[in-house]
Structure formats: structure tokens, C-alpha cells
Amino acid sequence: MLDEIEKIEKETASIHFADAESLEQFRLTYLSSKGKIQHLMDAFRNLPGEDKKTVGKPLNALKARLEEVYKISKQQLTATSGTENKFDTTLPVSSMATGSSHPLKIVENTLCDIFYSLGFDIADGPEIEDDWHNFGALNFADDHPARDMQDTFFIGNHVLRTHTSSVQIREMEKRTPPIRLVMPGRVYRNEAISSRSNCFFHQIEGLYIDKGVSFADLKQTLYYFVQQFFGEGTQVRFRSSYFPFTEPSAEMDIWAGTDTEENRRLTKGTGWLEVLGCGMVHPNVLKSCNIDPEVYQGYAFGMGIDRITMLKYGINDIRDMFHNDIRLLSQFAGL
Ligand code: PHE
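What counts and how
- Per chain, residue numbering runs from 1 following the sequence as it is written.
- Where totals are concerned, whole chains, interfaces and linings use all residues; where local detail is concerned, this predicted model gives features only for residues with pLDDT of at least 70, and gives and counts side-chain atom pairs only at 80 or more.
- As a convention, hydrogens and water are excluded, and side-chain values are obtained from all of the structure's heavy atoms.
- What makes a residue near a molecule or strand is one non-hydrogen atom of that residue sitting within 4 Å of it.
- Two N or O atoms count as a polar contact when they lie within 3.5 Å, although within protein this holds only if one can serve as hydrogen donor and the other as acceptor, and sequence-adjacent residues are included solely when both atoms are side-chain atoms.
- Surface exposure here means Shrake-Rupley accessible area, sampled with a 1.4 Å probe, where a residue is shielded only by the protein chains that are shown.
- Secondary structure elements follow DSSP: runs of H or I no shorter than four residues count as helices, runs of E no shorter than two count as strands, and numbering proceeds from the N terminus.
- In what follows, residue pairs with any heavy atoms lying within 4.5 Å of each other are defined as contacts.
- Note on method: axes are straight lines fitted to C-alpha atoms, helices fitted across the in-contact stretch only, with angles between N-to-C directions ranging 0 to 180 degrees.
- Oblique is the label for any angle not covered by the other classes, which are roughly parallel (under 35 degrees), roughly antiparallel (over 145) and roughly perpendicular (65 to 115).
- In the scheme used here, Gly and all other residues not listed as nonpolar or charged are polar, with Ala, Val, Leu, Ile, Met, Phe, Trp, Tyr, Cys and Pro taken as nonpolar and Asp, Glu, Lys and Arg as charged.
- Each salt bridge in this description consists of a side-chain nitrogen of Lys or Arg and a carboxyl oxygen of Asp or Glu lying within 4 Å of one another.
- Exposure classes here rest on a 1.4 Å probe applied to the protein chains alone. A residue is buried below 20% of its type maximum, exposed above 50%, and partly exposed in between.
- Any two strands between which DSSP finds at least two bridges are classified as paired.
- Take the buried Ala, Val, Leu, Ile, Met, Phe, Trp, Tyr and Cys residues and link them wherever side-chain atoms come within 4.5 Å; each set so joined is a nonpolar core.
- An automatic or database domain assignment supplies the start and end points of every domain.

Taken together, 14 residues are adjacent to the ligand, and His 163, Ser 165, Arg 189, Gln 203 and Glu 205 come closest. Separating a nitrogen atom of the ligand from a side-chain N or O atom of His 163 is a distance of 3.1 Å. A distance of 3.0 Å separates an oxygen atom of the ligand from a polar atom in the side chain of Gln 203. The fraction of the free accessible surface of the ligand (330 Å²) that becomes covered by protein chains is 90%. Among the secondary structure elements, those contributing two or more residues to the shell around the ligand are α8 (165-174), β6 (200-210), β9 (272-281) and β10 (297-304). Residue contributions to the shell around the ligand peak at 3 residues, all from β10.

In C-alpha cells form, the structure reads like this:
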């Protein structure tokens, strides 16, 4: 009997089945009630006790192995060949919810695309900043009110950046002019939270440093941006302003009009909507970054992404953008 067991072992040692038919043949030959294994089992029962000891173990092992081979081969064959019978590919599929870009990200991407088309690269920097990059290098005096606890979140001797202008500094420290970059990111300010202002929001910073850059270049770039983003024919105006890191400085408004109640509310009755701050990079800022202001000049601008997004999509409460409410987010699928 041991010989017979060994013979079957050899026959089936590296057995492989190409199709369900050969597998069935295998089952009939070895594992069915009239198969070779059952035959051996019957013979085993009639053996004298001594022989049972020597034969039992290898016989059981053989049986277990063949059953295992059968089970696995059957699984493999159904996995590879069963699909065309098992699935009706003409049935309509149940709808599957997919993610979509957040409205802020959509607007950020649009802004980046517009400036990218003008030759601006994209950079980013850390949200936790040191005093030097957020304030010092940007020509903020030591007693400037923006450093005050009321506006700035402090983490030990670091701050949560209050604007993306910190990234200007990091990039100017790293690069040599010409530098042409936009830098989007999240910023933080310790402000009272309301429908129109939040303790964190998003900005995109622009920076261009080269020889012979003028305010006219700045105006033309921003003018082009406005036409692309807000539509052809959108009017703009520049109002003089103050930032420690630019001189001269300006704020740019776009004409929204006073025709509708909504426009009068948004523009406080003036028809003009403030969109961004800008100016020529202050010589002290260039010096802080080891760029010679006698050789290079440049402009910078920074704008809030949240407000523009709310304007574009008619979102009335800034906080709605951060509740992760699927009813709001799903409206942006495919954009
Ligand atoms: N950093 C300024 C702000 O947060 C915006 C700005 C950027 C102004 C660059 C001028 C130049 O308000």
C-alpha cells in the first residue's frame, strides 16, 4: 500500500489544471467516492493494527494535500474564467460618489494658472514662521502693531504666519534674480470670527525681482490678471496705501457696480471692491535678502483667496467653506 501511496504522490506532485474539465477529471480519479483515495481508505480499514500505524500517516497527508490542491485550483479557475458568466456587463452601475476639489483650491489653481501663463513659477513656505521671515526682514519696526498679541498667534518664539509675504523672504534668500513667483497658502490672524472674517484664511503672494522693474509693470500685470479672472472690460483703480515692505504701496479695487442690492452691500455703497495690496519692494527688504537695491528692483502683491472665492460662487459666510458639508462641496464636483 505504501507503494501505491508513493505512486499517487508522484503522479500528482506538480499537477496543474488548464480548465475546469481537467480539474473534474482529477476529482473523479482521486477524490470521488470511487476514486483512488477512497479505495486506499477502504483497504486501510482492513489492515492489521501494526500496518495501520505505518500507512495511516502518509495516507492522511496525501488525502489532505490532494483536497487542498483541488480547492485552490477550483478557486483559481473560477476567478479567472467565471467573469463573463457571472457579471452582466450591460446592467447600469450604481452611482459612486467621488471627491472634488474644494472651491478655494479651484480658485487658487485658476489664479496660479493665470500667473503661470505670464511666466511666474509657484512656490510655498512654512505656516509656522520665525519673527524674521514674518516681520523683521519685511521691514516691520520692532514696535509695529501687527506684531501685537491681538493680531498674531504665537507659538513659543515662533508665529503662525500672518501673511504669505514671509515666503517672499524665504525665496529671495534662496534665489538670485530674476525671480518671478506666485506663492499661495494659508495664513492666520487672531481676529474675531464672523461671516466675513476668520482666524485663518488664504492668500496668494506675487513677486517679481529683476533689473529695471517699474510700477508700470506691476499695474500692467495686475490689469491683465483682472481681465483674465474677472472678465474682459473689468475696470480697476489703484489707491495709495501703506505696507512696511513696499514703497510706494497701493491697494487695487475692481469695479463691481452699484446696480444691485448685493453689490451695494459688498462695496459699502461705493461700487468698488478691494481685491489686493501691492507695491514696489522696499529697498530694506531687498537688503535683508542680500539683493542689491541699486541693481535690482521689483514689485510684490498679495490678495485674499477666500473673499474672491465667496464672490465668485456666491458663498455668504466664510465659515461655510470649512464645515466639510457635503451639500456645499458636492456642488463643485467636476470643476
Ligand atoms: N501682505 C499684505 C497683507 O497681508 C499684502 C501685500 C503683499 C501687500 C505684497 C503688498 C505687497 O495684507
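Okay, the side chain of Thr 221 next. Structurally, the position occupied by Thr 221 is in helix α9 (residues 215-230). Excluding anything up to four places from it in sequence, Thr 221 contacts Phe 115, Leu 118, Phe 120 and Tyr 299.

The next subject is the packing of helix α2 (residues 20-31) against helix α3 (residues 36-45). When two helices pack together, their arrangement is given by the angle between the helix axes and the distance between those axes. α3 packs onto α2 with a crossing angle of 10° between their chain directions and a minimal axis gap of 4 Å. Between α2 and α3, the angle is such that the two are roughly parallel. Contacts between α2 and α3 involve Thr 29, Tyr 30 and Leu 31 from the first element and Lys 36, Ile 37 and Gln 38 from the second. The class makeup of the residues in the contact of α2 with α3 is 3 nonpolar, 2 polar and 1 charged.

The next thing to look at is the pattern of salt bridges. Taken as a whole and judged by the stated rule, the model has 22 salt bridges. The salt bridge involving Glu 11 is made with Lys 36; its shortest N-O contact spans 3.6 Å. Of the two residues, Glu 11 is situated in helix α1 (residues 2-12) and Lys 36 in helix α3; the sequence distance between them amounts to 25 residues. Of the charged contacts in the structure, one is a salt bridge between Glu 262 and Arg 265, with a shortest N-O distance of 3.1 Å. A residue pair is termed a helical-turn pair when its members lie 3 or 4 positions apart in one helix, as Glu 262 and Arg 265 do in helix α10 (residues 261-266) at 3 residues. Of the residues examined, Glu 262 reaches a relative accessible area of 35% and is grouped as partly exposed. Overall, the relative accessible area of 46% leaves Arg 265 in the partly exposed class. Connected via shared salt-bridge partners are Arg 237, Arg 239, Glu 251, Asp 253 and Glu 274.

Moving on: the sheet that holds strand β7 (residues 236-243). Strand order in the open sheet formed by 7 strands is β1-β5-β6-β10-β9-β8-β7, and the pairing between neighbours is mixed. On the outer flanks of this sheet lie β1 (121-122) and β7, each paired with one strand and no other.

What follows deals with the pairing of β10. Most of β10 sits out of view: 6 of its 8 residues are buried. Bridge count between β6 and β10: 8 bridges; the pairing is antiparallel. Opposite Ile 209, over in β10, you have Gly 298 as the bridge partner.

Take the nonpolar core next. Formed by 37 residues in total, the largest nonpolar core has its most connected members in Phe 225, Leu 276, Tyr 299, Phe 301 and Met 303. Counting only elements with at least two residues in this core, the list comes to α6 (103-117), β6, α9, β8 (246-255), β9, β10, α12 (305-313) and α13 (326-329). Considering every element that reaches this core, the biggest residue donor is α6, with 7 residues. Excluding residues that lie within four positions of it along the chain, Tyr 299 makes contacts with Phe 120, Gly 206, Leu 207, Tyr 208, Val 213, Ser 214, Asp 217, Leu 218, Thr 221, Gly 279, Met 280 and Val 281. Membership of the second largest hydrophobic core comes to 22 residues, among which are Ile 209, Phe 245, Val 285 and Ile 291.

Right, let's get into the sheet that holds strand β2 (residues 128-130). On the basis of which strands lie adjacent, the open sheet formed by 3 strands has the order β2-β4-β3 and antiparallel pairing. The open sheet has two edge strands, β2 and β3 (154-155), and neither has a second partner. Pairing geometry for β2 and strand β4 (residues 158-160), over 3 bridges, is antiparallel. The partner of Asp 130 across the bridge, within β4, is His 158.

By domain assignment, the protein separates into domain 1 (2-81) and domain 2 (103-332). Inter-centroid distance (C-alpha atoms) of domain 1 to domain 2 is 76 Å.

Moving on to unusual backbone geometry. The omega angle of the peptide bond from Pro 177 to Pro 178 is 0°, so this bond is cis rather than trans. Residue Pro 248 is bonded to the preceding Glu 247 through a cis peptide linkage, with omega at -5°. Topologically, Pro 248 is positioned in strand β8. Although it is not a glycine, Asn 139 adopts a positive phi angle of roughly 75°. Structurally, the position occupied by Asn 139 is in the loop between α7 (131-134) and β3. Judged by relative accessible area, Asn 139 falls into the partly exposed class, the value being 26%. At Lys 268, a residue that is not glycine, the phi angle is positive and equals roughly 50°. Mapped onto the elements of the fold, Lys 268 is located in the loop between α10 and β9.

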